[in-house]
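Residue-level structure breakdown
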Amino acid sequence: MPSKGMRSICFSPRTPSFALAPTTASTASSPARSSPARSTISNPNSTPGRRSSFSDYRTQQIIETASAIVTKWDPETSPYAKVTSLFYESKPEALQFLKCLTDLQTAMRLLSAQDSKDPRLVRAQHLMQIGMKRLQKEFYQILSTNRAYLDPESISTRSSARSSLSDFDGVDDDDNAAGADAIAEVEQVSSLAMDDLRSIAECMISAGYAKECVGIYRVIRKSIVDEGIYRLGVERVGSLSRMSWESVELRVKAWLEAVKVAVRTLFNGERILCDHVFAAFDSVRESCFAEISRDGAALLFGFPELLLAKIKKKDGTAPDRIFRILDMYAAISENWTEIESIFESDSTSAVRSQALNSLARLGESARSMLAEFESTIHKDKHHSSRSPVPIDGGIHPLTNYVADYLALLADDYNSVLADILQDWPSPPQAAKSSSPEHSFFDSPRSDDESQEPALSVRFSWLLLVLLSKLDGKAKSYKDASLSYLFLANNLSYVVSRARGSNLGFVIGVEEWVGKHEAKVGQFAANYERLAWGPVLAALPEDPAAAVSAEEAREVFKRFGSRFEEAYRKQSCCIVEDPKLRDEIKKSIARKLVPRYRGFYEKNRATVGARRNVGIFVKYTPQDVARYLSELFLEVIVEEGSSPSTSSTSSSSHRR
């Protein structure tokens, strides 16, 4: 209850709250206040004495009418009023109660202006105190007993529930009607409660009892917001530094779910309710909502900074952590329009600033992690990629790691990264290399990179760094043919991941992917030339040309030796991509088998008697074709074994 000093301030004609108090609907429409008084004052024939007499009569009437209803609902003097709710018991009487208090406030203004020592002013003040105490009780009861109907979810989603119900035109009419009735009932109770709260708030604040009204509202609604944040899994923690990453990830997942619900349901519902209840008082509305939502919003939007502190302290800028960082960035970014709308006032600017600061720091952290990812490629620091080059010329772990990482980012975080990287400076141009394959070090984009999206430029650059690293690794092979097979395998994997994901669209399907698909073919051709060229060179260019028996025996012997040596070396190699594997095998067979068949059919009979043919001719054309078809299938070939022995034992050695 306000103090005596507060009462005198509230009812003083010099108090700004009276001069600025809005006229409520009940006040404007009151015939008792407007019609008689206005006609008396505007009558030019009226004398001052008659006007004063009528004003006194009207003031006394207002005080007597207010006294009757206020005393009736005084919980201190009436046991009935103590246990009964005015607004639930009789809505018409509740409206009359509000009107009487509004009229009483007008009468107090007039009395204060005429004679501040008038005994009727003291009586009116006493009645106003009793009435305000009653309204405080009603305000509290409505807020408390209607929690289920005034919860943020009900308020923020009731209109969408009604619109979604209309979408089920094919649903049984009875079910549809039952659902509509249930929604209508909830909406009716909620709307009535909101209107009652608004009427009480306008009456109390206009009478100078804003502190009491807002205090009740703030305590009840703030507890609902804080409880909602807690139920969404967002708890107050001092630090995440001592938690395992698995525990932190659980909290991040809970936070990601919480952001959407908190913004679109919890805070949005509270915004709607607060705007409705305090619609006539802008400053009260904004300050009240700020106090209700401040702690919950600070807890929600302050969590990303705790996570970033944990990552920086424990993991530096570990690239693998970027996925959760981007998830959190997306959660705030996707809800930014709602955040900005809900917390638009100056009193909630701190919430906007914190959300924006978290967004900026998450973006900065993501850029740092991409820079660290590039450093990881340069330094070959990834834990599974420090192994030497595969002896079989297969795919290096670094290739798997980088291509999969970029493909996942392109698939799931394309728009988020495009937003984060749009203002990030483009990477520097790579230096030319002395490698015979300069294309690895050529920029994969055009010279005018300013025309390219920042995400495309950045991802193309990271792939260029990877390919440069692979080119350096390829030089560690002593066998040049294996070096080219290694490059073909690894570049083929990168191209395959690009084509099979959104990565291809990010870096350019036609330009980048098409260009490097052609490069895979070049590497494969170089492999064939170096690995199988000597075998092909063992045969004459014209297999149908006549040669002597001695020359034929020498060709068969030389071909058999070279084929066996080449097969022994290449049978330990692997080509994981089925399409590339078939293309290489068919290309080798297409060059080798027809020429060998031509020479074989022309000269087999000239090398000696049938029983001695096997001494000079080790392989038939069918043998050569069969051995070639078994290449690159991860067959373990024992040292010194021939194509025939490795073929025989291949079924037991395949992995």
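Residues numbered from 1 in each chain as written. Predicted model: local features only at pLDDT ≥ 70, side-chain atom pairs only at ≥ 80, totals over all residues. Heavy atoms only, no water.

An unreviewed UniProt entry annotates the protein as Exocyst subunit Exo70 family protein of Linum trigynum. UniProt, in the comment section headed Function (unreviewed entry), describes the protein in these words: "Component of the exocyst complex." As stated in UniProt under Sequence similarities (unreviewed entry), the record for the protein gives "Belongs to the EXO70 family." (UniProt positions renumbered as here; feature names shortened; annotations may be inferred.)

**Here we look at the environment of Glu227**
With respect to the secondary-structure elements, Glu227 resides in helix H12 (residues 210-231). A C-alpha to C-alpha distance of 9.0 Å links Glu227 and Gly296, two positions 69 residues apart in sequence. (Helix = DSSP H or I, 4+ residues; strand = E, 2+ residues; numbered from the N terminus.)

**Examining helix H27 (residues 621-629)**
Burial in H27 covers these residues: Pro621, Asp623, Val624, Tyr627 and Leu628. Along the axis of H27, the buried positions cluster into a sector of 160°, meaning they face one direction only. (Buried < 20%, exposed > 50% of the residue type's maximum accessible area, 1.4 Å probe, protein only. Arc of directions from axis to C-beta.)

**A few points about the confidence of the model for the protein**
Scored by pLDDT, the protein has a mean of 81; 77% of the residues are at 70 or more. Overall, residues 1-48 carries pLDDT values under 50, and its contacts beyond four positions in sequence, including any with other chains, amount to 52 contacts. Taken together, the stretch residues 635-641 has pLDDT below 50 and engages in 14 contacts with residues farther than four places along the chain or on a different chain. (pLDDT = per-residue confidence, 0-100. Contact = heavy atoms within 4.5 Å.)

**Focus on the packing of helix H13 (residues 245-277) against helix H15 (residues 322-334)**
One way to put it is that H13 packs onto H15 with a least axis distance of 10 Å and a crossing angle of 10°. Compared by their axis directions, H13 and H15 come out roughly parallel. Taking contact as the criterion, the partners of Trp245, Glu249, Val252, Lys253, Trp255, Leu256, Val259 and Arg264 in H13 are, on H15, Arg324, Asp327, Met328, Ala331, Ile332 and Glu334. The class makeup of the residues in the contact of H13 with H15 is eight nonpolar, no polar and six charged. (Axes fitted to C-alpha atoms, helices over the stretch in contact; angles between N-to-C directions. Parallel < 35°, antiparallel > 145°, perpendicular 65-115°, else oblique. Nonpolar A, V, L, I, M, F, W, Y, C, P; charged D, E, K, R; others polar.)

**Details of helix H18 (residues 397-412)**
Taking 1.5 Å of rise per residue, 16 residues should cover 22 Å, and H18 covers 22 Å from first to last C-alpha, within 8% of that figure. Every buried residue belonging to H18 is among Leu398, Thr399, Tyr401, Val402, Ala403, Tyr405, Leu406, Ala407, Leu409 and Ala410, and all of these are buried. Looking at the buried side of H18, the elements it contacts are H15, helix H17 (349-379), helix H19 (414-421), helix H20 (454-474), helix H21 (480-499) and helix H22 (503-507). (Expected span 1.5 Å × (residues − 1).)

**Details of the nonpolar core**
Counting 175 residues, the largest nonpolar core has Phe278, Phe459 and Trp532 as the members making the most contacts within it. With 14 residues, the top contributor of residues to this core is H13. With residues near it in sequence (within four places) discarded, Phe459 still touches Leu406, Leu409, Ala410, Leu417, Leu503, Val506 and Ile507. (Core = buried A, V, L, I, M, F, W, Y, C linked by side-chain atoms within 4.5 Å.)

**Brief notes about the layout of surface pockets**
Quantified by volume, the second largest pocket comes out at close to 350 Å³. Together, 16 residues line the second largest pocket, and Ser492, Val520, Asp577, Lys579 and Glu583 are the ones closest to its centre. Elements with a minimum of two residues in the lining of the second largest pocket: H21, helix H23 (509-537) and helix H25 (578-603). The dominant element in the lining of the second largest pocket, judged by the number of residues it contributes, is H23, at six residues. A class-by-class count of the residues in the lining of the second largest pocket yields six nonpolar, four polar and six charged. (1 Å grid on protein atoms, 1.4 Å probe; cavity = no way out; pocket = protein on both sides within 12 Å on 5 of 7 lines; lining within 4 Å. Points joined across faces, edges and corners; volume = space filled by probe spheres on them.)

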